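Residue-level listing of the chains:
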Amino acid sequence: MSTITPLPVLTPKDFASDQEIRWCPRCGDYSILAQVKKILPTLGVPREKFVFVSGIGCSSRFPYYLNTYGVHGIHGRAPAIATGLKLSRPDLQVWVITGDGDALSIGGNHLLHAIRRNVNLKILLFNNQIYGLTKGQYSPTSPQGQKTKSTPFGAVDRPLSPLSVAIGAGATFAARSVDVDIQHLTMVLERAAHHEGTAFVEVYQDCNVFNTGAFEYASDKATKNEHCIYLEQGKPLVFGKQGERGVRLNGKGLPEIVDVASIASDDLLFHDEQADDPSHAFRLAQMRWPLSPEPMGVFRAVSRPTFDGAVVQQVQDVEAKLGPGNLDELFAGAETWEVV
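- Naming follows an unreviewed UniProt entry, where the protein appears as 2-oxoglutarate oxidoreductase subunit KorB of Caulifigura coniformis.

Given below as structure tokens:
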């Protein structure tokens, strides 16, 4: 007779470590940490099965502040470390914490391949459009013209759109939220946590020391509804205090803003996060404030086989056919040579 021991009921406090938090006062990272600690107990995963992997940057101190396993890796390499971990321990739930400089500059290549492989990872990219840890140099997401310590006369290059990069790489889950929009961020994190495959989440994070106010248009409660479109599956894209404006596609297939009262509701663009073709999600990712209202929420959520699942299956199939491998035999096998 077997006895099933129920899992202990955990709370956010159970996921708080004993480490002193060393982010700047009022940094947006505090809110993101709080929302992550809020959802972790709800996932039904034992605490010892969580691993948080980070690179370098302010965001990458994240693993210290959680009472889970964690790896503070090297610059830009968190997706590669997390991929290896997930392949060797498929039973773990692995999260990657990174920033716009860490993920999109030195780590761009690793991020790209983790996403296109659809490794079962949750990737949170804290986008503050600046290098905060090194005191305020411009980053790959800094807007054109932004004056920083490394661009005193204004940045001349065009910024990357993290969501466009992710969707272009074939992301099966892509979403965006804002650090201080607690209810919305919690919803997005929960959706990401339950996704099977790479869940990529861009979080607008205020660096109140070196780039404060960069996302005020999306965080100010009084005006954010005028600037942002909150995506809902199967619902039309509308915005404004009363949803009085909307988005439709013009004759060239490009989004245009219309008064909802002036057109038939069927003419509006409807959100389909489950569309097999990623062009709808990519089109939304190209809509950026202040040129257009900016979408928030889940852009894409589709089901695809995962890389780690395929590798595990392949290993099982080969072992069933050839038997378990032997490293000593492999190292001493025919494919060796002597260097003289």
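Resuming the write-up.
## Remarks on the nonpolar core
Move 1: Ranked by internal contacts, the top residues of the largest apolar core, which has 33 residues, are Leu111, Ile115, Leu121, Phe200, Ile229, Leu237 and Phe299.
Move 2: When residues of this core are assigned to domains, at least three fall in each of domain 1 (12-233 + 272-311) and domain 2 (234-271).
Move 3: The residues contacting Ile115, other than those within four sequence positions of it, are Ala166, Ala169, Gly170, Ala171, Thr198 and Phe200.
Move 4: Counting residues in hydrophobic clusters, the runner-up holds 31 residues, among them Leu66, Leu189, Ala199 and Val203.

## As for the pattern of salt bridges
Move 1: Across all of its chains, the model carries eleven salt bridges by this definition.
Move 2: Where Asp91 meets Arg89, a salt bridge forms, and the shortest distance between an N and an O atom there is 2.8 Å.
Move 3: The exposure class assigned to Asp91 is partly exposed, which follows from its relative accessible area of 39%.
Move 4: Since its relative accessible area comes to 38%, Arg89 is described here as partly exposed.
Move 5: Across the pair Arg248 and Glu256 runs a salt bridge, and its minimum N-O distance is 2.7 Å.
Move 6: Take Glu256: its relative accessible area is 25%, and that puts it in the partly exposed class.
Move 7: Each of Arg176, Glu202, Arg288 and Glu294 takes part in salt bridges that share partners, so that together they form one network.

## Things to note about the sheet that holds strand β11 (residues 294-301)
Move 1: Across the sheet, which stays open at both edges, the eight strands sit in the order β2-β1-β3-β4-β6-β5-β11-β7 with mixed pairing between neighbours. Here the strands that pair on one side only, and so sit at the sheet edges, are β2 (69-72) and β7 (228-230). Put simply, the sheet's adjacent strands are angled 20 degrees from each other on average, direction ignored.
Move 2: Pairing of strand β4 (residues 121-127) with strand β6 (residues 199-204) involves six bridges; the strand directions are parallel. In the sheet register, Leu124 faces β6, and the bridge partner there is Val201.

## Overview of the environment of Ala174
Move 1: Its place among the elements puts Ala174 in strand β5 (residues 173-178).
Move 2: Not counting the four nearest positions on each side in its chain, Ala174 is found in contact with Leu163, Ile167, Phe200, Gly297, Val298, Phe299 and Arg300.

## Section: the layout of surface pockets
Move 1: Looking at the largest pocket, its volume works out to about 480 Å³.
Move 2: Counted by class, the lining of the largest pocket contains ten nonpolar, eight polar and three charged residues.

## Section: the UniProt feature "domain: Thiamine pyrophosphate enzyme TPP-binding" (unreviewed entry) in the protein
Move 1: The UniProt feature table records "domain: Thiamine pyrophosphate enzyme TPP-binding" (unreviewed entry) at residues 56-203.
Move 2: Its end C-alpha atoms 17 Å apart, residues 56-203 is made of 32% helix and 20% strand.

## Notes on unusual backbone geometry
Move 1: Cis geometry marks the peptide bond from Trp289 to Pro290; its omega dihedral reads 10 degrees.
Move 2: The residue Pro290 is located in the loop between α9 (279-285) and β11 in this model.
Move 3: Of note in this structure, Arg26 is not a glycine but carries a positive phi near 70 degrees.
Move 4: As for its position among the elements, Arg26 is in the segment before α1 (29-39).
Move 5: Despite not being glycine, Gln129 shows a phi value in the positive range, around 60 degrees.

## What to know about the packing of aromatic side chains
Move 1: For the structure shown, the criterion picks out nine aromatic pairs.
Move 2: Ring plane angle 80 degrees and centroid distance 5.8 Å describe the contact between Phe15 and Phe50, whose orientation is recorded as edge-to-face. One end of the pair, Phe15, is in the segment before α1; the other, Phe50, is in strand β1 (residues 50-54), and 35 residues separate them in sequence.
Move 3: For Phe50, a relative accessible area of 0% puts it in the buried group.
Move 4: Pairwise contacts between aromatic rings join Trp23, Tyr30, Phe52, Phe62, Tyr65, Trp95 and Phe126 into one cluster.
Move 5: Residue placement shows Arg117 over the ring face of Phe307; its charged tip is 5.3 Å from the ring centre.

## Quick look at the packing of helix α2 (residues 78-88) against helix α4 (residues 108-117)
Move 1: Contact pair α2 / α4: the axes reach a minimum separation of 7 Å and the direction vectors enclose 40 degrees. By the criterion of interaxial angle, the relationship of α2 to α4 is oblique. Contact residues: α2 offers Pro79, Ala80 and Thr83, while α4 offers His110, Leu111 and Ala114.

## Some remarks on the sheet that holds strand β10 (residues 255-259)
Move 1: Across the sheet, which stays open at both edges, the three strands sit in the order β8-β9-β10 with antiparallel pairing between neighbours. Every other strand in the sheet has two partners, leaving β8 (238-239) and β10 as the edge strands with one partner each.
Move 2: As paired elements, β8 and strand β9 (residues 245-249) share two bridges and run antiparallel to each other. When the bridges of β9 are listed, Phe239 appears paired with Arg245.

Parameters at a glance
- Residue indices follow the written sequence of each chain, beginning from 1 at its first position.
- For this predicted model, a pLDDT threshold of at least 70 governs which residues receive local features, and a threshold of 80 or more governs which side-chain atom pairs are given and counted, while totals over whole chains, interfaces and linings are taken from all residues.
- Each side-chain value is worked out from all heavy atoms of the structure, with water and hydrogens disregarded.
- Residue types Ala, Val, Leu, Ile, Met, Phe, Trp, Tyr and Cys, when buried and joined through side-chain atoms within 4.5 Å, form a set referred to as a nonpolar core.
- Note on exposure labels: buried denotes an accessible area under 20% of the residue type's maximum, exposed denotes more than 50%, and partly exposed covers the range between, all computed with a 1.4 Å probe on protein chains only.
- The split of the chain into domains comes from an automatic or database domain assignment.
- By definition in these notes, contact holds between two residues if any of their heavy atoms fall within 4.5 Å.
- Throughout this description, the term salt bridge denotes a Lys or Arg side-chain nitrogen within 4 Å of a carboxyl oxygen of Asp or Glu.
- Pairing between two strands requires that DSSP report at least two bridges joining them.
- By definition, any uninterrupted DSSP run of H or I lasting at least four residues is a helix, any uninterrupted run of E lasting at least two residues is a strand, and each is numbered from the N terminus.
- Only C-alpha atoms enter the line fits that serve as axes; for helices the fit covers just the stretch in contact. Angles between N-to-C directions range over 0 to 180 degrees.
- Each cavity reported here is a set of points on a 1 Å grid over the protein atoms alone in which a 1.4 Å probe fits but cannot get out, each pocket an open set with protein on both sides within 12 Å along at least five of seven lines, and each lining residue one with an atom within 4 Å of a point.
- Grid points are joined across faces, edges and corners, and a volume is the space filled by probe spheres set on the points.
- Classes in brief: Ala, Val, Leu, Ile, Met, Phe, Trp, Tyr, Cys and Pro nonpolar; Asp, Glu, Lys and Arg charged; the others, Gly included, polar.
- UniProt positions are given in the numbering used here, feature names are shortened, and annotations may be inferred rather than shown by experiment.
- To pair, rings of Phe, Tyr and Trp, with the six-membered ring standing in for Trp, must have centres within 6.5 Å; the planes then decide the type, stacked if under 30 degrees apart, edge-to-face if over 60, and tilted in the middle.
- A ring has a charge above it when a Lys NZ or an Arg CZ is no more than 6 Å from the ring centre and no more than 35 degrees off the ring normal.
- Any angle that is under 35 degrees is reported as roughly parallel, and any over 145 degrees as roughly antiparallel; angles of 65 to 115 degrees are reported as roughly perpendicular and all others as oblique.

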